[in-house]
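Now for the letters of each chain:
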Amino acid sequence: MLNVMDIQKIIPQRSPFLLIDRIDELEPGKRAVGRKCVTYNEPFFTGHFPDEPVMPGVLIIEALSQVGAVICLSVEANKGKNAYFGGINKAKFKNKIVPGDVLTLEVELIKQKGNIGVASAKAYDENKIFAEAELVFAIA
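These numbers were taken from a predicted model, which means no experiment stands behind them.

Peer 1: Just checking my understanding: could you explain the environment of Ile139 for this structure?
Peer 2: Here Ile139 shows up in strand 6 (residues 129-139). Residue class for Ile139 comes out buried when judged on its relative accessible area of 6%. The sequence separation of Ile139 and Val118 amounts to 21 residues, and the corresponding C-alpha distance is 11 Å. Residue contacts for Ile139: discarding those within four places in its chain leaves Cys72, Leu73, Asn78, Lys81, Asn82, Ala83 and Asn115.

Following this line, the structure appears as structure tokens:
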């Protein structure tokens, strides 16, 4: 298991933009399962939406991509590099994420050629799926 301090040694994101709290499972270069504990104090809730706090879909995708970046950048050959978005395909948002939700963020690389790759990603808890997407990335 990786905590926030361990994660920050792998990816460059920092508060308030670091959107994963821990990594529970990691197979470098293959797959990872992370967690995000959503609290009412998240900075985005002040404007999205004040009377009904909902985690923005783009930040759900960003949280998933950060787990994907941990997968890629934990490979020895990629240490010190960055993972960039190349595309977001087949994104579906199925349920709202609100304060108190604990997200499981599961990402698996499905193909990679050189520094370009594709990963399947989903955010869920024990009761429901919040979002699913296919993430395209580039390592540089």
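That shown, we press on.
Peer 1: Help me out: how do you make sense of the environment of Gly80 in this one?
Peer 2: Mapped onto the elements of the fold, Gly80 is located in the loop between helix 2 (57-73) and strand 3 (83-93). Gly80 sits in the exposed class, given a relative accessible area of 81%. Sequence spacing of Gly80 and Arg35 is 45 residues, and the spatial spacing of their C-alpha atoms is 23 Å.

Peer 1: Which parts of the structure should I look at to understand the pairing of strand 1 (residues 22-27)?
Peer 2: Regular strands have side chains that alternate between both faces of the sheet. In the sheet, strand 1 pairs with strand 2 (residues 31-37) via 5 bridges, with the strands oriented antiparallel. Bridge pairing in strand 2 links Ile23 to Gly34. What sits between strand 1 and strand 2 in their antiparallel hairpin is a turn of 3 residues, with Gly29 showing a positive phi close to 80°.

Definitions and cut-offs
Residues numbered from 1 in each chain as written. Predicted model: local features only at pLDDT ≥ 70, side-chain atom pairs only at ≥ 80, totals over all residues. Heavy atoms only, no water. Helix = DSSP H or I, 4+ residues; strand = E, 2+ residues; numbered from the N terminus. Buried < 20%, exposed > 50% of the residue type's maximum accessible area, 1.4 Å probe, protein only. Contact = heavy atoms within 4.5 Å. Pairing = 2+ DSSP bridges.

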